[in-house]
Amino acid sequence: MIHLIYASETGNAQSIAEDAEVHFKNQGHRVRLIDMEDLQLKDFETMDILLAAVSTWGDGDPPCSAEDFFSELQSSDEPLSHVRFAVYALGDTAYDSFCQFGKDLDAELARHGARQLLPVLENDVDFEENFDSWLEDLDAFMDAPQPDSVIESRPPSVVA
Ligand SMILES: Cc1cc2nc3c(=O)[nH]c(=O)nc-3n(C[C@H](O)[C@H](O)[C@H](O)COP(=O)(O)O)c2cc1C
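Conventions adopted
- Residues numbered from 1 in each chain as written.
- Predicted model: local features only at pLDDT ≥ 70, side-chain atom pairs only at ≥ 80, totals over all residues.
- Near = placed C-beta within 6 Å.
- Nonpolar A, V, L, I, M, F, W, Y, C, P; charged D, E, K, R; others polar.
- Core = buried A, V, L, I, M, F, W, Y, C linked by C-beta atoms within 7 Å.
- Buried ≥ 20, exposed ≤ 12 C-beta atoms within 10 Å, placed from the backbone.
- Helix = DSSP H or I, 4+ residues; strand = E, 2+ residues; numbered from the N terminus.
- Contact = placed C-beta atoms within 7 Å.
- Pairing = 2+ DSSP bridges.
- Right-handed = clockwise from strand over helix to strand, strands pointing away.

Q: Would you explain the site of the ligand in this entry?
A: Near the ligand lie 22 residues; those nearest to it are Ser8, Thr10, Ala13, Ser55 and Gly91. Here the residues of the shell around the ligand sort into 8 nonpolar, 11 polar and 3 charged.

Quick look at the structure:
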């Protein structure tokens, strides 16, 4: 299952996550869309693929709705090596801390041992411009054989 999480103040990152939800459902994937406001660290236990669309507010800060979860993540050392992730970061180059929260989330997930599927994608005010190519890159990953699922679906070996 793909977990799509978003952190948004005025809806831009949310709309990216919702469009990605439609895209991946149309591709036949099971998808769960979650506002970071409703996310807890224990939700990561069952996660495999995590895609995040997040904006930056204040001066390089997370949207208000993401503050609690991000603090929880920062203060934890929970290993997340079973998670593979990609971050779509929204921001505005007019700000010094361009896309800072997206970069911080990317770094924080990596600190927990989660594996990056794609480098964090930093988007300026035309935040939809890179969306299709991001989906294409992710589709290429989803369509590739997944080592974990191959192992799970392999029949038990027969000893001669
Ligand atoms: C008050 C304010 C502060 C912002 N601070 C930043 C910032 O520090 N860095 C940045 O890259 N973008 C910043 N932005 C731009 C937003 O991240 C950008 O408009 C984004 O598309 C908003 O997405 P959202 O609707 O999902 O929250 C700021 C925008 C506003 C209005």
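Read on for the rest.
Q: Looking at this structure, I do not really get the nonpolar core. What am I missing?
A: Looking at soluble globular proteins, one finds that nonpolar side chains tend to be buried together. In this structure, Tyr6, Ala52, Ala53, Val54 and Val87 are the most contacted members of the largest nonpolar core, which totals 39 residues. If you list the elements that add at least two residues to this core, you get β1 (2-7), α1 (12-26), β3 (49-55), α2 (67-74), β4 (84-90) and α3 (100-111). When neighbours within four sequence positions are excluded, Val87 is seen to be in contact with Ala52, Val54, Gly102, Leu105, Asp106 and Val120.

Q: Any chance you could explain the pairing of β4 here in plain terms?
A: Regular strands place side chains that alternate from one sheet face to the opposite one. Extensive coverage of β4 is indicated by the burial of 7 of its 7 residues. Note: β3 against β4, 7 bridges, orientation parallel. Of the residues in β4, the one forming a bridge with Ser55 is Leu90. In the classification by handedness, the crossover that spans β3, the intervening α2 and the parallel β4 is right-handed. Relative to strand β5 (residues 115-116), β4 runs parallel, the two being bridged by 2 bridges. Looking at the pairing, Arg84 lines up with Arg115 of β5.

Q: How do you make sense of the environment of Trp134 when you look at a structure like this?
A: Mapped onto the fold, Trp134 is located in helix α4 (residues 131-143). In this structure Trp134 comes out as partly exposed when scored by C-beta crowding, with 18 C-beta atoms within 10 Å. Contact partners of Trp134, with chain neighbours within four places excluded, come to Tyr88 and Leu121.

Q: Please clarify how the environment of Trp57 should be interpreted in this entry.
A: Structurally, Trp57 is set in the loop between β3 and α2. Here the alpha-carbon distance between Trp57 and Glu9, two residues 48 residues apart in the chain, equals 7.9 Å. Beyond its immediate stretch of four places on either side in the chain, Trp57 contacts Glu9, Pro62 and Pro63.

Q: Quick question: what am I supposed to make of the environment of Ser15 here?
A: Following the sequence through the fold, Ser15 ends up in helix α1. Residue class for Ser15 comes out partly exposed when judged on the 17 C-beta atoms lying within 10 Å of it. Between the C-alpha atom of Ser15 and that of Leu33, which follows or precedes it by 18 residues, the distance is 11 Å.

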